[in-house]
Amino acid sequence: MKQPVVNCPQCGKIVVWNSRNPYRPFCSERCKLIDLGQWAAESYRIPDDGEKEGEPARKEREEGAQ
Ligand SMILES: [Zn+2]
């Protein structure tokens, strides 16, 4: 039976996707933790971007400069 394989999103290593790999689609716990850390960092940036978009004065200034 052919096992499906994926590339580890973190390091690109080929990972066999099966129930014996608790870290899938990652190759290891380390890669999973690294990716989760990046995801957490991304989610922290979202509120910051929202605040910037909520500043109309800044946007008008950028449009006026062109
Ligand atoms: Zn990996």
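As shown above, the structure is provided for reference.
Residues numbered from 1 in each chain as written. Predicted model: local features only at pLDDT ≥ 70, side-chain atom pairs only at ≥ 80, totals over all residues.

1. What about the overall build of the chain?
Item 1. The secondary structure content of the chain amounts to 2 helices and 2 strands.
Item 2. Its helices and strands in sequence order give the chain the pattern β-β-α-α, from N to C terminus.
Item 3. The proportion of buried residues among the 66 residues of the chain is 5%. (Helix = DSSP H or I, 4+ residues; strand = E, 2+ residues; numbered from the N terminus. Buried ≥ 20, exposed ≤ 12 C-beta atoms within 10 Å, placed from the backbone.)

2. Let's talk about the environment of Ile-14
Item 1. When you line up the elements, Ile-14 lands in strand E2 (residues 14-16).
Item 2. Apart from the residues lying within four places of it in its own chain, the contact partners of Ile-14 are Val-5 and Asn-7. (Contact = placed C-beta atoms within 7 Å.)

3. Some details on the environment of Val-15
Item 1. With respect to the helices and strands, Val-15 occurs in strand E2.
Item 2. Note: C-alpha distance between Val-15 and Phe-26 (11 residues apart in sequence) is 6.9 Å.
Item 3. Not counting residues up to four positions away in its chain, the partners in contact with Val-15 are Val-5, Val-6, Cys-8, Asn-21, Arg-24, Pro-25, Phe-26 and Cys-27.

4. Let's talk about the environment of Gln-10
Item 1. Residue position: Gln-10 is located in the loop between strand E1 (5-7) and E2.
Item 2. Among the residues examined, Gln-10 registers 19 C-beta atoms within 10 Å and is labelled partly exposed.
Item 3. Beyond its immediate chain neighbours, meaning those up to four positions away, Gln-10 contacts Phe-26, Cys-31, Ile-34 and Asp-35.

5. Focus on unusual backbone geometry
Item 1. In this structure, the amide linkage connecting Arg-24 to the following residue, Pro-25, adopts the cis form with an omega of 0°.
Item 2. In this structure, Pro-25 sits in the loop between E2 and helix H1 (29-53).

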